[in-house]
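Below are the chains, spelled out letter by letter.
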Amino acid sequence: MDWNDTPEQAAFRSEVRAFLDARLPAHYRDHEARRHQDSGLENDWQQDLANGTPEDRTAAREWASALAERGWGQPHWPREYGGASMSTLEQFILKQEFARAEAPDIGGHLVGSTLLVHGTEEQKQRFLAPTLRGEMLWAQGFSEPGAGSDLGSLQCRAVRDGDEFVINGQKLWTSAGHKSNWIFGLFRTDPDAPKHRGITFMMLDATTPGVSVRPIISMGWEHATNETFYEDVRVPASQVVGDVNRGWYVGMTLLDYERSGINRAVAQQLLVDELVAHVRADTPSHRRELVRREVADRAIECEVLNNLCMRIASMHASGTIPNYEASMGKMYGSEVAQRVARTGTKAFGQFAQLWAPDDPYAPLKAKHTQNYCHTVVGTIAGGSSEIQRNIIATRGLGLPRG
Ligand SMILES: Cc1cc2nc3c(=O)[nH]c(=O)nc-3n(C[C@H](O)[C@H](O)[C@H](O)COP(=O)(O)OP(=O)(O)OC[C@H]3O[C@@H](n4cnc5c(N)ncnc54)[C@H](O)[C@@H]3O)c2cc1C
């Protein structure tokens, strides 16, 4: 298979690079300064808008407006809703180049793309444009203390009361809940129906009375996710997406978008390239010789990941919906990320124990040390590796369910 750009694709790639050179705000170019001491987060557009300084907010808005001029914020959305109606392979190129420049994605991709499939016209008009402008910032409320892999067991209850639903219960792992003003989620509306049939997908204003968000701090001191509590939270019925009690199918559309993640190869490739340069420049030693082979393995794995991502992109391009293929990309990509971080820390020996990016002795700004902690959750969030393996086994290999 030939993954090289056609002349048209090469021209488009140059156009994207020129756009990034001209329009990516300086704020998002200074990667070293943007590397937060403990969070590992660099270019986080949603964080800038929700909790940033006035300068952060200005940069985030400038970036959103530059993207809006071309519909490149959500390039696959139709033009009439602020997208660019872009072909899949162009989107892939765009995402590759954005990842190379470490240009931040703007949020709302999951809920917006799902609304395009299942939303009413009124919902599309009301929610899509403000999401593109960064006025509506979203968090995902699916998982609960007793419902993660087995999401169908969710219990957070929504009871109809006239034109509203009243929600009571708890969600867990609500990522970005502390930097969002809207939440989309799955709620139990019929406790007597078979478990996948009594669930409804709703969008709610996170500032509605009764919603509270409590941080979960990771072992790498990262505040990425939260617990959310709902106490008599009133949600207009007009904010239900799809039919009441049929939300499971809406939620599954959204998970397909979440797992496709076709640009994850570029981020790992950048890390490995940097590592290769570092190992080459290191003083010859026994450790360097040992780590050289591991770095080579990681470089090969990045190439494999790239091929998996290209396969997903070319399936989209030919109108086929990736299914177990998306699970392969998600599983492999998150596991490669963990291995890259591990190899990085091995390459630095004792210096890998330095955590602070601004420590003058911390190799590569402690990136691999921090990633060693931050990538642990990659094989859990968005569906664990075991669940992806089950999908590959049953849907991909046709093995019987265990
Ligand atoms: C950092 C982070 C961010 C997240 N962000 C969000 C978010 O924004 N919104 C949201 O709704 N959720 C989010 N999640 C939740 C995530 O989707 C769940 O954690 C995940 O699906 C696993 O569910 P669980 O934690 O309940 O573990 P469990 O489902 O209890 O799984 C425990 C272990 O058992 C294994 N296991 C379970 N079932 C099977 C099976 N059938 N076969 C084989 N092995 C199995 C799992 O692989 C895992 O190793 C996030 C999670 C993390 C860690």
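Being a predicted model, the structure only gives us computed values, none of them experimental. (Residues numbered from 1 in each chain as written. Predicted model: local features only at pLDDT ≥ 70, side-chain atom pairs only at ≥ 80, totals over all residues. Heavy atoms only, no water.)

### Quick word on the pairing of strand β7 (residues 223-236)
In this sheet, β7 lies alongside strand β3 (residues 164-171) in antiparallel orientation, the contact comprising seven bridges. Of the residues in β7, the one forming a bridge with isoleucine 167 is valine 233. Across seven bridges, strand β6 (residues 211-217) lies against β7 in antiparallel orientation. Following the sheet pairing, valine 211 is matched in β7 by tyrosine 230. Following β6, the chain reverses through five residues before pairing antiparallel with β7; tryptophan 221 in that reversal takes a positive phi of roughly 55 degrees. (Pairing = 2+ DSSP bridges. Helix = DSSP H or I, 4+ residues; strand = E, 2+ residues; numbered from the N terminus.)

### Topic: the site of the ligand
The immediate surroundings of the ligand are formed by 15 residues, with Ser149, Trp173, Ser175, Ser384 and Glu386 found nearest. At a separation of 2.9 Å, an oxygen atom of the ligand approaches a polar backbone atom of phenylalanine 142. A distance of 2.7 Å is found between a nitrogen atom of the ligand and a side-chain nitrogen or oxygen belonging to serine 175. With three residues, helix α13 (residues 385-396) is the single largest residue contributor to the shell around the ligand. (Near = heavy atom within 4 Å. Polar contact = N/O pair within 3.5 Å; in protein donor to acceptor, adjacent residues only side chain to side chain.)

### Some words on the pattern of salt bridges
Applying the stated criterion across every chain, the model contains 20 salt bridges. A salt bridge links glutamate 97 to arginine 17; the shortest N-O distance between them is 2.8 Å. Taken as a pair, glutamate 97 in helix α5 (residues 88-100) and arginine 17 in helix α1 (residues 7-23) lie far apart in primary sequence, 80 residues in all. Between arginine 298 and glutamate 301 there is a salt bridge whose closest N-O contact spans 2.9 Å. Separated by three residues within a single helix, arginine 298 and glutamate 301 lie in helix α10 (residues 286-317), roughly one turn from each other. (Salt bridge = Lys/Arg side-chain N within 4 Å of Asp/Glu carboxyl O.)

### Description of the packing of aromatic side chains
On inspection of all chains with the given rule, the structure shows 13 aromatic pairs. Residues tryptophan 63 and phenylalanine 98 carry aromatic rings whose centres are separated by 5.6 Å and whose planes lie at 45 degrees to one another, so their mutual orientation is tilted. With a gap of 35 residues between them, tryptophan 63 in helix α4 (residues 54-70) and phenylalanine 98 in helix α5 connect regions that are remote in the sequence. The buried category is assigned to tryptophan 63, whose relative accessible area is 0%. Ring plane angle 5 degrees and centroid distance 5.9 Å describe the contact between phenylalanine 184 and phenylalanine 201, whose orientation is recorded as stacked. Of this pair, phenylalanine 184 sits in strand β4 (residues 182-188) while phenylalanine 201 sits in strand β5 (residues 199-205), and the two are 17 residues apart along the sequence. The same class applies to phenylalanine 184 as to phenylalanine 201, namely buried. Aromatic rings pair up to connect Phe127, Trp138, Phe142, Trp182, Phe184 and Phe201 into one cluster. Lying across the ring of tryptophan 72, arginine 70 places its NZ or CZ 4.7 Å from the centre. Its guanidinium or amino end placed over the ring of phenylalanine 187, lysine 171 lies 5.1 Å from that ring's centre, counting from NZ or CZ. (Phe/Tyr/Trp six-rings, centres within 6.5 Å; stacked < 30°, edge-to-face > 60°. Buried < 20%, exposed > 50% of the residue type's maximum accessible area, 1.4 Å probe, protein only. Lys NZ or Arg CZ within 6 Å of the ring centre and 35° of its normal.)

### Structural notes on the state of the cysteines
Two cysteines whose sulfur atoms are joined by a covalent bond form what is called a disulfide. On inspection of all chains with the given rule, the structure shows zero disulfides. Of all cysteine sulfurs in the structure, the one in cysteine 309 sits closest to cysteine 302, which takes part in no disulfide; the separation is 10 Å. (Disulfide = S-S within 2.5 Å.)

### Some points on the pairing of β3
Sheet topology note: the strand β2 (residues 157-161)/β3 ladder contains five bridges and is antiparallel. Residue alanine 158 lies in a different strand from β3, and its bridge partner there is isoleucine 167. Once β2 ends, the chain turns through two residues before running back antiparallel as β3, passing glycine 162 with a positive phi of about 65 degrees.

### A short note on the environment of glutamine 46
Within the element layout of this structure, glutamine 46 appears in helix α3 (residues 45-51). Its relative accessible area of 11% is what places glutamine 46 among the buried residues. Between the alpha carbons of glutamine 46 and methionine 328 there is a distance of 28 Å; along the sequence they are 282 residues apart. Those residues in contact with glutamine 46 that sit more than four places away from it in its chain are Gly107, Leu137, Trp138, Ala176, Lys179 and Ser180. At 2.9 Å, the side chain of glutamine 46 and the backbone oxygen of lysine 179 are in polar contact. (Contact = heavy atoms within 4.5 Å.)

### Observations regarding the nonpolar core
One broad rule of soluble globular proteins: the nonpolar side chains tend to lie buried together. Among the nonpolar cores identified, the biggest contains 49 residues, and Trp45, Trp63, Trp72, Phe98, Phe184, Phe201 and Met203 are the most heavily contacted of them. A total of six residues in this core trace back to one element, the largest contributor, which is α4. Residue contributions to this core reach at least three from each of two domains, namely domain 1 (7-106) and domain 2 (138-245). With residues up to four places along the chain from it excluded, the contact list for tryptophan 63 reads Phe19, Leu20, Arg23, Leu24, Pro25, Tyr28, Trp45, Phe98, Ala103, Pro104 and Ile106. Core analysis: the second largest hydrophobic core is formed by 16 residues, Cys156, Ala206, Val235 and Val240 among them. (Core = buried A, V, L, I, M, F, W, Y, C linked by side-chain atoms within 4.5 Å. Domains from an automatic or database assignment.)

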